[in-house]
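Chain by chain, the residues:
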Amino acid sequence: MAKRILTAVIWLPIVALGFAFAPIWGIALAISALSAVGVYELLWATGFVKQKRLCAYSIVFAALTPLWTYFGSDFRLLLAGVFLFVSICFLDGMLHPKQVKFEMVSSALFGALVVPCFLSAFLRLEMNMETRLIFVLPLIYPFISDAGGYFVGRICGKHKLAPSLSPKKTVEGSIGAIVFSVIGGLLFGALAQFGFGMEPNYWTLALLGVPMSVVSQFGDLTFSYIKREFGIKDYGKLFMGHGGVLDRFDSVIFAAPALELLLCIIPIFA
């Protein structure tokens, strides 16, 4: 628990500040690296990393996807890349049917397509929103939701939420996560108003905390489902007390594109 708190206090603010103030090309490179590491962790967790060619295809594609987004490449170019990646993976399976099984190809496709495409929502937000401060929101909602759920669950959690996927998660913790997420939205509004002179809509920011927490918890459980399927505790050890990229950013991977979609129809600034 001490390591978890230390990591949250030290690293999470650094990540948030980095996303808010780093040059956009630096963020693109960071997301590219996170995507590549996340895909490697997924293939390592499932045991498919032993298929080095499949692993290499997936890591390269995952690293390139955020860069395509950053450079604003034509959708047809991205589609061509996806087509080529999928074709290469299945071709490798056809040429080596005894070594490369369909479940291996499926895992590679899931990781290399979902993880970088979802995380690239940060770059798409920068392209479509009027302020870089928006970058912090896909981190604030899931991180504060996760912290709130963790502490509320430890203090008063009694009813298991999904015992087969995550034995320590409770219904009380889930409700606490939603409440803390709402508070996180209000804190973001205060930061935007008093720190940057903007005019946030506090009601909208508070209401967004509910679906953002639900989506964040869904993302957490999604990657927990994979871990339980293959009997592992953590995807990696990159973040002390929090595991690897997929352990720390599992909720963010789902929260970022969800917020991107919600902000298309719900303005948060006057």
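Residue positions are counted from 1 within each chain, in the order its sequence is given. Owing to the predicted nature of the model, reporting of local features is limited to residues with pLDDT of at least 70; listing and counting of side-chain atom pairs is limited to 80 or more, with chain, interface and lining totals taken over all residues. Side-chain calculation: all heavy atoms of the structure are included, whereas hydrogens and water are not.

Novice: I would appreciate a short explanation of the overall build of the protein in the present structure.
Specialist: Regarding its fold elements, the protein presents 10 helices and 2 strands. In the protein, the succession of helices and strands from N to C terminus is α-α-α-α-α-α-α-β-β-α-α-α. Each residue's exposure class comes from its accessible area (1.4 Å probe, protein chains only) as a fraction of the maximum for that residue type: buried when under 20%, exposed when over 50%, partly exposed otherwise. Burial analysis of the protein (270 residues in total) assigns 49% to the buried set. Here the open area of atoms and residues is found with the Shrake-Rupley method and a 1.4 Å probe, where only the protein chains shown may cover a residue. Total accessible area computed for the protein in this model is approximately 13400 Å², and 72% of it derives from carbon and sulfur atoms. Numbering of helices and strands runs from the N terminus; a helix is a DSSP stretch of H or I covering at least four residues, while a strand is a stretch of E covering at least two.

Novice: Looking at this model, I keep getting lost on the nonpolar core. Mind explaining?
Specialist: Across soluble globular proteins, nonpolar side chains show a tendency to be buried alongside one another. One finds Leu119, Phe188, Tyr235 and Ile268 to be the most contacted residues of the largest nonpolar core, which totals 44 residues. Secondary-structure elements contributing two or more residues to this core are helix 2 (24-45), helix 5 (102-119), helix 6 (121-128), helix 7 (137-156), helix 8 (171-196), helix 9 (202-230) and helix 10 (245-263). If one sorts the elements of this core by residue count, helix 10 sits on top with 11 residues. In what follows, a contact means two residues having at least one pair of non-hydrogen atoms within 4.5 Å. Filtering out sequence-adjacent residues up to four positions away, Tyr235 remains in contact with Glu41, Leu42, Trp44, Ala45, Phe223, Ile226, Lys227, Leu246 and Asp247. Nine residue types can take part in a nonpolar core, namely buried Ala, Val, Leu, Ile, Met, Phe, Trp, Tyr and Cys, and a core is a set of them joined through side-chain atoms within 4.5 Å.

Novice: Help me out: how do you make sense of helix 3 (residues 52-70) in this one?
Specialist: Along an α-helix, residues three or four positions apart point the same way, because every turn accommodates 3.6 residues. Each helix should span, by expectation, one fewer than its residue count multiplied by 1.5 Å. With 19 residues, helix 3 extends 28 Å from end C-alpha to end C-alpha; this agrees with the ideal 27 Å at 1.5 Å per step. Among all positions in helix 3, only Leu54, Cys55, Ser58, Phe61, Ala62, Ala63, Thr65, Pro66, Trp68 and Thr69 are buried. Phi turns positive, to about 65 degrees, at Gly72, one or two residues after helix 3.

Novice: When you look at the environment of Gly81 in this model, what are you seeing that I'm missing?
Specialist: As for its position among the elements, Gly81 is in helix 4 (residues 75-95). Linking Gly81 and Phe61, residues 20 residues apart in sequence, is a C-alpha distance of 8.1 Å. Sequence-distant contacts of Gly81, defined by excluding residues within four places in its chain, comprise Phe61 and Trp68.

Novice: Please clarify how the pairing of strand 2 (residues 166-170) should be interpreted in this entry.
Specialist: Both faces of the sheet carry side chains from a regular strand, because those side chains alternate between them. Any two strands are treated as partners once DSSP identifies two or more bridges connecting them. Across 2 bridges, the pairing between strand 1 (residues 160-162) and strand 2 is antiparallel. The residue of strand 2 that forms the bridge with Lys160 is Thr170.

Novice: Looking at this model, I keep getting lost on helix 4. Mind explaining?
Specialist: Its 21 residues place the ends of helix 4 30 Å apart at the C-alpha level, agreeing with the 30 Å of an ideal helix rising 1.5 Å per residue. Taken residue by residue, helix 4 has Gly81, Phe85, Cys89, Asp92 and Gly93 as its buried positions. With its buried residues spanning 110 degrees around the axis, helix 4 presents them on a single face. Projecting away from the buried face of helix 4 at angles above 90 degrees are the exposed residues Phe75, Arg76, Phe83, Met94 and Leu95. What the arc describes is the spread of directions from the helix axis to the C-beta atoms.

Novice: Please explain the packing of aromatic side chains as it appears in this structure.
Specialist: Two aromatic rings, taken as a pair, are described by how far apart their centres are and by the angle between their planes. Put simply, two rings from Phe, Tyr or Trp (the six-membered ring, in Trp's case) pair if the centres are within 6.5 Å, and we call them stacked under 30 degrees between planes, edge-to-face over 60, tilted for the rest. Scanning all chains against the criterion turns up 13 aromatic pairs. Judged by centre distance (5.8 Å) and plane angle (70 degrees), the ring pair of Phe61 and Trp68 falls under edge-to-face. A centroid spacing of 6.4 Å and a plane angle of 50 degrees characterise the contact between Phe110 and Phe223, whose relative ring orientation is tilted. With a gap of 113 residues between them, Phe110 in helix 5 and Phe223 in helix 9 connect regions that are remote in the sequence.

Novice: Explain the side chain of Thr46 here, please?
Specialist: As for its position among the elements, Thr46 is in the loop between helix 2 and helix 3. What qualifies as a polar contact is a pair of N or O atoms within 3.5 Å, subject to a donor-acceptor requirement within protein and to the restriction that residues adjacent in sequence count only when both atoms come from side chains. Reaching out from Thr46, the side chain makes a polar contact with the backbone oxygen of Leu42 at a distance of 3.0 Å. At a separation of 3.2 Å, a polar atom in the side chain of Thr46 contacts the main-chain carbonyl oxygen of Leu43.

Novice: It is not clear to me how a nonpolar patch on the surface should be interpreted in this structure. Could you clarify?
Specialist: On the surface, Leu161, Val171, Ile175, Val179, Phe180, Ile183 and Leu187 cluster together into a nonpolar patch covering about 570 Å² of accessible area. Considering each element in turn, the nonpolar patch owes the most residues, 6 residues, to helix 8. For Ile183, the location among the structural elements is in helix 8. Judged by relative accessible area, Ile183 falls into the partly exposed class, the value being 39%. The patches described consist of residues with a relative accessible area above 30% and no salt bridge, like charges being joined within 9 Å and nonpolar side chains (Val, Leu, Ile, Met, Phe, Trp, Tyr) within 5 Å. Salt bridges are defined by distance alone: a side-chain nitrogen of Lys or Arg within 4 Å of a carboxyl oxygen of Asp or Glu.

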